[in-house]
Each structure stands twice: as structure tokens, then as C-alpha cells.
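Below are the chains, spelled out letter by letter.
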Amino acid sequence: MDTPPPPPVEPPPPPTIHNHRSLITGFVVAALLWSPAIITKPEIQVPFLLFNCIVLPVIAIVVSIIPHTRRFGLGLLLACGLGWLILGAICGGVFK
């Protein structure tokens, strides 16, 4: 009785290394977009606040839906949320 040899065992794929560079890059880009709205004089903050409060989160959501740019979009959303928290603290009187 000849039994066929067992099939060769393939090694498991190597573990994936998660690169957080795009997440950090998205956070830094959005933080740089939020900085003029927080640092500048109140007279010129309105266009920056309108862009950062309305347009930037929409852009971040669209970018985070695309699989290739998902981490970058999540970094943008993270910084948008942090910007909203800082803006709420400024409006609430925590920061003067």
C-alpha cells in the first residue's frame, strides 16, 4: 500500500507591522489647520473657524472612508475632535 506523501506545510505569513506614520501625519496636518483659528486675533478667526468646524470634518470623513488613506483620515478626525474640545474650552472660559 503506497500512501501519497503529505502535502508540504506552508509557513504562516509574517506578522504585519502597523505603521502609524500616516495617522500622525494626518493629526499634524489638521493641528496646523486648527492653529490659526486658535492663535490669531479674534477679528480674523472667523474664516478659519468656519473652515475647521464645517469643511475639515467632512474632508476627514471622506478621506477616512477610502481604504488607502484611512489612517490619514482618522488622524484628521482625531485633530478635529481635539480642536472642537479646545474651542469649547475657549468659549467656556477655561482659557482666556
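This text goes with the structure placed above it.
This is a predicted model, so every value here is computed, not measured.

Engineer: Before we go on, may I ask you to explain the nonpolar core in this structure?
Structural biologist: Nonpolar side chains in soluble globular proteins generally cluster together in the buried interior. The biggest cluster of nonpolar side chains holds ten residues, and these are Ala-30, Trp-34, Ala-37, Cys-53, Leu-56, Ala-60, Leu-76, Ala-79, Cys-80 and Leu-87. At the level of secondary structure, the elements contributing two or more residues to this core comprise helix 1 (21-39), helix 2 (45-65) and helix 3 (70-92). At four residues, helix 3 tops the list of elements feeding residues into this core. The contact partners of Ala-60, leaving out residues within four places of it in the chain, are Gly-73, Leu-76 and Leu-77.

Engineer: Quick question: what am I supposed to make of the environment of Val-62 here?
Structural biologist: With respect to the secondary-structure elements, Val-62 resides in helix 2. A C-alpha to C-alpha distance of 13 Å links Val-62 and Gly-26, two positions 36 residues apart in sequence.

Engineer: I keep staring at the packing of helix 1 against helix 2 and nothing clicks. Help me out?
Structural biologist: Working note: a packed helix pair is described by the angle between its axes plus the distance between those axes. Remark: helix 1 packs on helix 2, axes separated minimally by 7 Å, with the N-to-C direction vectors making an angle of 145°. For the element pair helix 1 and helix 2, the recorded crossing hand is left-handed. Contacts from Ala-30, Leu-33, Trp-34, Pro-36, Ala-37 and Ile-38 of helix 1 reach helix 2 at Gln-45, Phe-48, Leu-49, Phe-51, Asn-52, Cys-53 and Leu-56. A per-class count over the contact of helix 1 with helix 2 returns eleven nonpolar, two polar and no charged.

Engineer: Whenever I open this one, a nonpolar patch on the surface confuses me. Can you help?
Structural biologist: A contiguous nonpolar patch, built from Val-29, Leu-33, Val-46, Leu-50, Phe-51, Ile-54, Val-55 and Ile-59 and spanning about 620 Å² of accessible area, is present on the exposed surface. Taken together, the elements giving at least two residues each to the nonpolar patch come down to helix 1 and helix 2. Ranked by residue count, the leading element in the nonpolar patch is helix 2, at six residues. Of note, Val-55 is situated in helix 2. Taking relative accessible area as the criterion, Val-55 reaches 35% and is therefore assigned partly exposed.

Rules and cut-offs
- Residues numbered from 1 in each chain as written.
- Predicted model: local features only at pLDDT ≥ 70, side-chain atom pairs only at ≥ 80, totals over all residues.
- Heavy atoms only, no water.
- Core = buried A, V, L, I, M, F, W, Y, C linked by side-chain atoms within 4.5 Å.
- Buried < 20%, exposed > 50% of the residue type's maximum accessible area, 1.4 Å probe, protein only.
- Helix = DSSP H or I, 4+ residues; strand = E, 2+ residues; numbered from the N terminus.
- Contact = heavy atoms within 4.5 Å.
- Axes fitted to C-alpha atoms, helices over the stretch in contact; angles between N-to-C directions.
- Left-handed = near helix turned anticlockwise from the far one by under 90°.
- Nonpolar A, V, L, I, M, F, W, Y, C, P; charged D, E, K, R; others polar.
- Patch = residues over 30% accessible without salt bridge, like charges linked within 9 Å, V, L, I, M, F, W, Y side chains within 5 Å.
- Areas by Shrake-Rupley, 256 points an atom, 1.4 Å probe, with all protein chains shown as cover.
- Salt bridge = Lys/Arg side-chain N within 4 Å of Asp/Glu carboxyl O.

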